[in-house]
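So the chains spell out like this:
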Amino acid sequence: QVQLVESGGGLVQAGGSLRLSCAASGRTFSAYAIGWFRQAPGKEREFVAAINWSGGNTYYADSVKGRFTISRDNAKNTVYLKMNSLKPEDTAVYYCAADITQRVVAGDGRYLEVWGQGTLVTISS
């Protein structure tokens, strides 16, 4: 099983960019699909983006499509979330999670088995 650690969060002005990283330990990282989720204060956790084991298939929430890009480097055991044109409503704690079944890439989050601790993203207006 893998363990996940997010990094890259911070405070950015609206319109700016950030790149989040999800670093994994464990030799089986390349077998997992990885999803990014976020939770804003007082709101439920929501799906943001996902990528399959090879990086050849990605899936985005409508709210971030065209602004966020998910990618992975299996040689570095890392998945990235590049966030452009950030808005105040993107403010949240961002989490990555691992899914061996790959179903998160189809929008099905029921099989996520490992979560990171989260990284805070704050967008000022």
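My aim in this report is to walk through the structure given alongside it, one point at a time. (Residues numbered from 1 in each chain as written. Predicted model: local features only at pLDDT ≥ 70, side-chain atom pairs only at ≥ 80, totals over all residues. Heavy atoms only, no water.)

With respect to the state of the cysteines
To be explicit about the condition: Throughout, a disulfide means two cysteine sulfur atoms within 2.5 Å of one another. For helices the rule is a DSSP run of H or I covering at least 4 residues; for strands it is a run of E covering at least 2, with both sets numbered from the N terminus onward. Each residue is placed in one exposure class: buried if its accessible area under a 1.4 Å probe, protein chains only, is under 20% of its type's maximum, exposed if it is over 50%, and partly exposed if it falls in between.
Counted according to the given criterion, the structure contains one disulfide. Disulfide partner of Cys-22: Cys-96, at an S-S distance of 2.1 Å. The S-S bond linking Cys-22 to Cys-96 shows a torsion near 75°; that makes this disulfide right-handed. One end of the pair, Cys-22, is in strand β3 (residues 18-25); the other, Cys-96, is in strand β9 (residues 92-99), with 74 residues separating them in the sequence. For Cys-22, a relative accessible area of 0% corresponds to the buried category. A relative accessible area of 0% means that Cys-96 is categorised as buried.

Some words on the pairing of strand β7 (residues 68-73)
Convention followed: Criterion used throughout: strands pair if DSSP finds at least two bridges between them.
Residue alternation in β7 divides its side chains into a buried set, Phe-68, Ile-70 and Arg-72, and an unburied set, Thr-69, Ser-71 and Asp-73. Inspection of the sheet shows β7 paired to strand β8 (residues 78-83) by six bridges, in the antiparallel sense. Looking across to β8, one finds that Ser-71 is bridged to Tyr-80. Here β7 folds back onto β8, and the loop between the two strands holds four residues, one of which, Asn-77, carries a positive phi near 55°.

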